[in-house]
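Results of the structural survey
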Amino acid sequence: MLTLPKTEQRAAQPYIYVPFTVTMQQMQKPAREGFPQLFAHLEKHGLKPTGEAFYNYRRINMEDTLDVEAGIAVESLGPEEGQVKNGTLPAGNFIGLSWTGHPDKLITVTGMLIGWANLTQQKFDMEEKPDGDHFACRLEIYESDPAEVPNMEDWVTTLAFKLKD
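Residues numbered from 1 in each chain as written. Predicted model: local features only at pLDDT ≥ 70, side-chain atom pairs only at ≥ 80, totals over all residues. Heavy atoms only, no water.

**Focus on the overall build of the chain**
Tallying secondary structure elements over the chain gives two helices and ten strands in all. A compact globule built from 165 residues would reach a C-alpha radius of gyration of about 15 Å, and the chain, at 15 Å, matches this within 12%. Taking the principal axes of the C-alpha coordinates as reference, the chain spans close to 45 × 35 × 30 Å. Accessible area of the chain: about 9,000 Å², with a carbon and sulfur share of 52%. Charge separation in the chain, taken as the distance between the mean sites of 15 positive and 24 negative side-chain charges, equals 4 Å. (Helix = DSSP H or I, 4+ residues; strand = E, 2+ residues; numbered from the N terminus. Rg over C-alpha atoms; globule rule 2.2 N^0.38 Å. Areas by Shrake-Rupley, 256 points an atom, 1.4 Å probe, with all protein chains shown as cover. Lys, Arg positive; Asp, Glu negative; His and termini not counted. Charge placed at Lys NZ, Arg CZ, Asp CG, Glu CD.)

**Quick word on the nonpolar core**
In summary, soluble globular proteins display a tendency toward joint burial of nonpolar side chains. Within the largest apolar cluster, 33 residues are counted, with the highest numbers of intra-cluster contacts made by Ile16, Leu38, Tyr57 and Phe124. Setting aside anything within four residues of it in sequence, one finds Ile16 in contact with Leu38, His41, Leu42, Leu47, Ala70, Gly71, Ile72, Val74, Leu77, Val84, Lys85 and Asn86. Phe54, Cys137, Leu139 and Ile141 belong to the second largest nonpolar core, which has nine residues in total. (Core = buried A, V, L, I, M, F, W, Y, C linked by side-chain atoms within 4.5 Å. Buried < 20%, exposed > 50% of the residue type's maximum accessible area, 1.4 Å probe, protein only. Contact = heavy atoms within 4.5 Å.)

**Things to note about a negative patch on the surface**
Together, Glu52, Glu143, Asp145 and Glu148 line one region of the surface with negative charge. Among the secondary structure elements, Glu143 is positioned in the loop between β9 (138-142) and β10 (156-162). (Patch = residues over 30% accessible without salt bridge, like charges linked within 9 Å, V, L, I, M, F, W, Y side chains within 5 Å. Salt bridge = Lys/Arg side-chain N within 4 Å of Asp/Glu carboxyl O.)

**Some thoughts on the layout of surface pockets**
Taken as a whole, the largest pocket encloses approximately 1,000 Å³ of empty space. Around the largest pocket sit 45 residues that line it, and Tyr55, Tyr57, Leu106, Glu140 and Tyr142 are the ones nearest its centre. Elements supplying a minimum of two residues to the lining of the largest pocket: α1 (29-45), β3 (54-60), β4 (66-73), α2 (106-119), β7 (126-129), β8 (132-135), β9 and β10. With six residues, the single largest contributor to the lining of the largest pocket is α2. Residue classes in the lining of the largest pocket are distributed as 27 nonpolar, seven polar and eleven charged. Arg10, Gln13, Thr50, Ala73 and Ile141 are, among the 14 residues lining the second largest pocket, the residues nearest its centre. Its residues assigned to classes, the lining of the second largest pocket shows eight nonpolar, three polar and three charged. (1 Å grid on protein atoms, 1.4 Å probe; cavity = no way out; pocket = protein on both sides within 12 Å on 5 of 7 lines; lining within 4 Å. Points joined across faces, edges and corners; volume = space filled by probe spheres on them. Nonpolar A, V, L, I, M, F, W, Y, C, P; charged D, E, K, R; others polar.)

**Structural notes on unusual backbone geometry**
Its identity as a non-glycine residue notwithstanding, Gln121 has a phi of 55°, on the positive side. With respect to the secondary-structure elements, Gln121 resides in the loop between α2 and β7. With a relative accessible area of 68%, Gln121 lands in the exposed category.

**Here's the deal with the packing of aromatic side chains**
Counted under the stated rule, the structure contains eight aromatic pairs. On the basis of an interplanar angle of 45° and a centroid distance of 5.8 Å, the ring pair of Tyr15 and Phe54 is categorised as tilted. A residue pair is termed long-range when its members are at least 10 positions apart, and Tyr15 in strand β2 (residues 13-22) and Phe54 in strand β3 qualify at 39 residues. Here Tyr15 matches Phe54 in class, with each residue buried. Aromatic pair Phe124 and Phe161: ring centres 5.5 Å apart, planes at 65°, arrangement edge-to-face. Linking Phe124 in the loop between α2 and β7 with Phe161 in strand β10, this pair joins segments that are 37 residues apart in sequence. Taken together, the ring pairs connect Phe35, Phe39, Tyr55, Tyr57 and Tyr142 into an aromatic cluster. (Phe/Tyr/Trp six-rings, centres within 6.5 Å; stacked < 30°, edge-to-face > 60°.)

What follows is the structure, given as structure tokens:
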């Protein structure tokens, strides 16, 4: 199930993340390796998450590599440690939608959101460069906890892409 795209204003939000450069065939690596590091960091430093884990796509070149952050928003930042870094998700207008279904359909769902943005003449906050498209903030938020929702067809994922100011 897919919701209709909508535009919303989002406030700046502190977050912690682990950066990765991966190919499309390695897209599970940030979840497999990054999320456990984030959850351990939260527990070790007593940090409180304010939402669900997400991917933040910073640079996309589908034929080569992608720069992806495995991240989670927090009430306040703690120390940077190991591969865990601090950041701030930018404030601004975002366009997004929610998808209920298997994550392997997210490429198609993302294409639908991009098509909607193009049709409605909403421009993403991104810059095209020779090594790919660089985004200010392009979130894929994983609303479902696999321990609580074991059937991947029931997983909810929210896309939220920052628009140009």
